[in-house]
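Below are the chains, spelled out letter by letter.
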Amino acid sequence: MVKPKNILLTLKEHNVNNYTTMKQVYNVRYAYRSLIRDNNSEMQQLMKLLEHNQYIYWHKLKDENVVCDIFWRHPDAVKLSNACNLVFLIYSTYKTNKYRLPLLDIDGVTPTGMTFSAAFAYLEGERINNVVWALERF
């Protein structure tokens, strides 16, 4: 979780004769993440991490092997949503991520005015049936 520029600065601080380049830092990070991910696709890795970290999640399949919508939330977010269930803000970022998919973000508001992330969903599109599906999961 360290920024590449900070990795490079730390390497150079510890060894003045270090000739590591930023490209090498990015390459090593990519290789490390690939090693951790094994042969899983990004979607398989996401679902593996959601399961490993005990998130509550649902997904909808387009074909047998193609996920078109995925919804997830943390178990603590469920507890907080049940305790503070008066105000929820629902908004969508439109195709600003690397997958060019709408990200539905549901945030809750506590009685003291603080906000918390209640749930997220990547949707195939911003059609009514996709949003209704995500809200039914919520």
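Rules used in this analysis
Residues numbered from 1 in each chain as written. Predicted model: local features only at pLDDT ≥ 70, side-chain atom pairs only at ≥ 80, totals over all residues. Heavy atoms only, no water. Pairing = 2+ DSSP bridges. Helix = DSSP H or I, 4+ residues; strand = E, 2+ residues; numbered from the N terminus. Axes fitted to C-alpha atoms, helices over the stretch in contact; angles between N-to-C directions. Contact = heavy atoms within 4.5 Å. Core = buried A, V, L, I, M, F, W, Y, C linked by side-chain atoms within 4.5 Å. Buried < 20%, exposed > 50% of the residue type's maximum accessible area, 1.4 Å probe, protein only.

**Section: the sheet that holds strand β4 (residues 103-109)**
Judged by pairing direction, the sheet is antiparallel, and its five strands sit side by side in the order β1-β2-β5-β4-β3 without closing on themselves. Looking at the sheet topology across the chains shown, the edges are occupied by β1 (56-61) and β3 (87-93). Going across the sheet, the axis of each strand differs from the next one's by a mean of 15 degrees, ignoring polarity. Bridging between β3 and β4 involves seven bridges; their strand directions are antiparallel. Paired with V87 across the bridge in β4 is V109. The sheet strands contacting helix α3 (residues 42-52) are β1 and β2 (67-73), and the helix crosses β2 at an angle near 25 degrees. Along the sheet, helix α4 (residues 75-83) makes contact with β1, β2, β3 and β5 (115-122), crossing β5 at roughly 120 degrees.

**Considerations on the nonpolar core**
With eleven residues, the main nonpolar core is built from F71, C84, L104, I106, F116, A118, A119, A121, L123, W133 and A134. Listing elements by their share of this core, those giving two or more residues are β4, β5 and α5 (128-137). A per-element tally of this core places β5 first, with four residues. Contacts of A134, omitting those with residues within four sequence positions, involve F71, L104, A121 and L123. Formed by six residues, the second largest nonpolar core is a distinct cluster that contains L50, I70, W72 and L103.

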